[in-house]
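# Coordinate inspection notes
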Amino acid sequence: MKTGLFSNAWLLALALTLGGCASPGGSIYVPAGDASRDVEEAPEPPRAERGSDTTRTERKSEQPAEPASEPEPDQERRTRSPSYQESGDQLSPAAQSLINKADTYLAQGDAAAAVTQLERAQRIAPRSADVYFKLSEAYVAMDQLGSAEQFTLKGLSLAGSDARLQRAGWLLLADIRRARGNVAGADQAEERAGAL
C-alpha cells in the first residue's frame, strides 16, 4: 500500500512540474520575420534629401588639424598626464602610526599582526609606496615570497621619481627574488638600484 502511495505522489509531482513548464499559448519560440504576430515595426529613420542644403557633420577624426600653439608652461603642467607618478603620496599621521605599530610587531616576530596593521594603513594611504614596501617585508617574514614580490612591484610603481624609495624598492625586490631562486631577476633588480 505504501509503495502505491509513493508512486502516486511521485507521478503527481511529475505531472505538476511538467504542467508548470508548459506555456499557455503553445511554443514560446517566435521565429524572426513571423508575420502572424501583431508586432509594430519601428518607423523608418529620417533621411536627408540629396538636393538639400544640409551640411554634413564631420567626425572628430575627419576634421582638419588645428595649428598647434605653444601652451604656457603652467597650463602644460596642468594638462599633461604623466605616465608615472612624480612622487609617492605623503603618509598621514594615522598611517605612519600604523606603520610604526607594524614595525613593533615585526620586531616581536608577529608578522600576521603586522600585516593587519599595514592593511589598515593601506586603506588610509593607498598610493603610498612606503606602505607597500612594509607589507612586502611582513610577507617575507611570513615566508610568502610571491605576495612579497607583488607588493614590492606595486610599491615601485608608486615610488615615482623619488630615488630613495626606488632604490630601497629595487634592493628589496632583489632580496626577494634571490630568496625565491630567481638569481637573474635579482641581478636585474640590483642593476636598477645601482643605476639610481
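Because the structure is predicted, anything quoted here is derived from the model rather than measured. (Residues numbered from 1 in each chain as written. Predicted model: local features only at pLDDT ≥ 70, side-chain atom pairs only at ≥ 80, totals over all residues. Heavy atoms only, no water.)

## Remarks on the overall build of the chain
- Looking only at helices and strands, one finds eight helices and zero strands in the chain.
- In the chain, the order of α-helices and β-strands from amino to carboxyl end is α-α-α-α-α-α-α-α.
- Going through the 196 residues of the chain one by one, you find that 23% of them count as buried.
- Nonlocal contacts in the chain, meaning residues at least 24 apart in sequence, comprise 51% of its contacts between residues at least 6 apart.
- Accessible area for the chain stands at about 14900 Å²; split by element, carbon and sulfur atoms hold 52% of it. (Helix = DSSP H or I, 4+ residues; strand = E, 2+ residues; numbered from the N terminus. Buried < 20%, exposed > 50% of the residue type's maximum accessible area, 1.4 Å probe, protein only. Contact = heavy atoms within 4.5 Å. Areas by Shrake-Rupley, 256 points an atom, 1.4 Å probe, with all protein chains shown as cover.)

## Considerations on helix α6 (residues 145-158)
- The first and last C-alpha atoms of α6 sit 20 Å apart over 14 residues, in line with the 20 Å expected at 1.5 Å per residue.
- Against the buried residues of α6 lie α4 (111-124), α5 (129-141) and α7 (163-179).
- The positive-phi residue at the C-terminal boundary of α6 is G160, with phi of around 60 degrees. (Expected span 1.5 Å × (residues − 1).)

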